[in-house]
Amino acid sequence: MTSPTILYACADGIARVTLNRPERLNSFTARMHEELRAALAAVQADATARVLLLTGAGRGFCAGQDLSDRAVAPGDAPIDLGASIEANYRPLVLALRSFPMPVVCAVNGVAAGAGANIALACDLVIAAKSASFIQAFCKIGLIPDAGGTYFLPRLVGTARAMGLALLGDKLSAQQAADWGLIWKCVEDGDFAATVEALLAQLAQAPTRGLVATRRALHASSHATFEAQLDLERDLQRELGYGADYREGVGAFLAKRPPRFTGK
Ligand code: T3D
């Protein structure tokens, strides 16, 4: 019996998904992709889940594709990497970007290749000070995938995106935060407690409102101003009919803490 490549648990509204191949820095095999898909489906089916945590076991977050999962040496038969992207990485980042609850990525260590860009697909990326981000693709003749060419220029601008992607240098968590690539970098000793506090806050938050907010922010990167105003109107209309809006206003007027249900 081999150990699971993905660990999953849900309690107190917090769904925790951990990449679990620490001896290979949690790099992705075909099996790990399959088990991650199953875990994400389980979170979506769990009516009690209000926030998703994605993190890694051991000293790394994720080193992208496991380069030893199939034969790619000179002389081996060519591989269709497009098929691998289509079957695995594309659906994964699409799922994370539209997940029905906020997604926190706790980058506990190095995030390289697709591992770095999977982190960037999440809503809030919080990294330990000792973590780092590496667009390792250029070292093996590939382009940044898993959304990298989309996220990087939007988050840090074309000049920095170009440097990261063409040179593949290690970017420290602190520099990543300073550049606006991620939400926050925290001292290693404070990392676990800071992540827990964030998860506890989001597990009590008005989930639908947060998901709609993410949708509007994502749309703004390609929408006209008028289209964005239309979207804000439509989303606000939907949320205004929801229980959490009534609860939020009622709690404010009664001067008590709100008890959101995520509805
Ligand atoms: O292929 C497709 O389907 C297309 C999609 C591609 C997406 C991609 O992600 S392509 C990019 C793949 N990733 C990389 O190129 C990163 C490779 N890894 C590294 O460059 C380094 O490991 C790190 C910079 C991430 C960390 O370096 P370091 O010195 O902290 O650790 P290490 O000693 O290199 O790694 C520890 C172990 O993990 C080591 O095994 P060992 O020697 O102890 O038995 C190493 O081989 C293994 N490991 C790390 N990354 C991978 C890996 N094994 C397989 N694949 C990896 N990606």
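Residues numbered from 1 in each chain as written. Predicted model: local features only at pLDDT ≥ 70, side-chain atom pairs only at ≥ 80, totals over all residues. Heavy atoms only, no water.

**Q** Would you take a moment to explain the sheet that holds strand E2 (residues 14-19) for this structure?
**A** Paired through their backbone hydrogen bonds, the strands of a sheet run either parallel or antiparallel. With respect to topology, six strands assemble into an open sheet ordered E1-E2-E3-E5-E7-E10, the strand pairing being mixed. A strand with exactly one partner marks an edge of an open sheet, and here the two such strands are strand E1 (6-11) and strand E10 (184-186). Taking each pair of neighbouring strands and ignoring which way they run, the sheet shows an average axis angle of 20°. Pairing between strand E5 (residues 103-107) and strand E7 (residues 124-128): four bridges, direction parallel. Considered in E7, the bridge of Cys-105 is made with Val-125. (Pairing = 2+ DSSP bridges. Helix = DSSP H or I, 4+ residues; strand = E, 2+ residues; numbered from the N terminus. Axes fitted to C-alpha atoms, helices over the stretch in contact; angles between N-to-C directions.)

**Q** Help me understand the environment of Leu-92, please; the structure alone is not making it clear to me.
**A** Along the chain, Leu-92 turns up in helix H2 (residues 81-97). Here the alpha-carbon distance between Leu-92 and Arg-37, two residues 55 residues apart in the chain, equals 7.6 Å. Contact partners of Leu-92, with chain neighbours within four places excluded, come to Phe-28, Leu-36, Leu-40 and Ile-118. (Contact = heavy atoms within 4.5 Å.)

**Q** Help me understand the pairing of strand E3 (residues 51-56), please; the structure alone is not making it clear to me.
**A** For a regular strand, the rule is simple: side chains alternate between the two faces of the sheet. Counting buried positions along E3 gives six out of six residues, so the element sits mostly inside the fold. Of the two faces of E3, the one carrying Val-51, Leu-53 and Thr-55 and the one carrying Leu-52, Leu-54 and Gly-56 are both buried. Of the pairings in the sheet, the one linking E2 to E3 comprises six bridges and is parallel in character. Residue pairing for E3: Ile-14 is matched across the bridge by Val-51. (Buried < 20%, exposed > 50% of the residue type's maximum accessible area, 1.4 Å probe, protein only.)

**Q** Got a minute to help me understand the packing of helix H8 (residues 207-219) against helix H9 (residues 225-240) in this structure?
**A** Helix-helix packing is described using two parameters, namely the angle between the two axes and the distance between the axes. Packing of H8 against H9 leaves a shortest axis separation of 10 Å and a crossing angle of 170°. As the angle between them shows, H8 and H9 are arranged roughly antiparallel. On H9, the residues touching Arg-208, Gly-209, Ala-212, Arg-215, Ala-216 and Ala-219 of H8 are Gln-228, Leu-231, Leu-235, Glu-238 and Leu-239. Looking at the contact of H8 with H9 residue by residue, the class counts come to six nonpolar, two polar and three charged. (Parallel < 35°, antiparallel > 145°, perpendicular 65-115°, else oblique. Nonpolar A, V, L, I, M, F, W, Y, C, P; charged D, E, K, R; others polar.)

**Q** Can you walk me through the site of the ligand in this structure?
**A** In the vicinity of the ligand, 24 residues are found, and the nearest of them are Gln-65, Leu-67, Arg-70, Ser-84 and Ala-114. One of the side-chain N or O atoms of Arg-70 is found 2.2 Å from an oxygen atom in the ligand. Here an oxygen atom of the ligand and a backbone polar atom of Ala-114 are 2.9 Å apart. About the coverage of the ligand: the protein hides 67% of its 1100 Å² of free accessible area. Elements represented by at least two residues in the shell around the ligand include exactly H2 and strand E6 (110-112). At four residues, H2 tops the list of elements feeding residues into the shell around the ligand. Here the shell around the ligand is composed, by residue class, of 13 nonpolar, five polar and six charged. (Near = heavy atom within 4 Å. Polar contact = N/O pair within 3.5 Å; in protein donor to acceptor, adjacent residues only side chain to side chain. Areas by Shrake-Rupley, 256 points an atom, 1.4 Å probe, with all protein chains shown as cover.)

**Q** Any chance you could explain a nonpolar patch on the surface here in plain terms?
**A** Together, Leu-67, Val-72, Ile-79, Leu-81, Ile-140 and Leu-142 line one region of the surface with nonpolar side chains, adding up to about 510 Å² of accessible area. Here Leu-142 is to be found in the loop between strand E8 (132-134) and helix H4 (148-156). Residue classification places Leu-142 among the partly exposed positions, given a relative accessible area of 35%. (Patch = residues over 30% accessible without salt bridge, like charges linked within 9 Å, V, L, I, M, F, W, Y side chains within 5 Å. Salt bridge = Lys/Arg side-chain N within 4 Å of Asp/Glu carboxyl O.)

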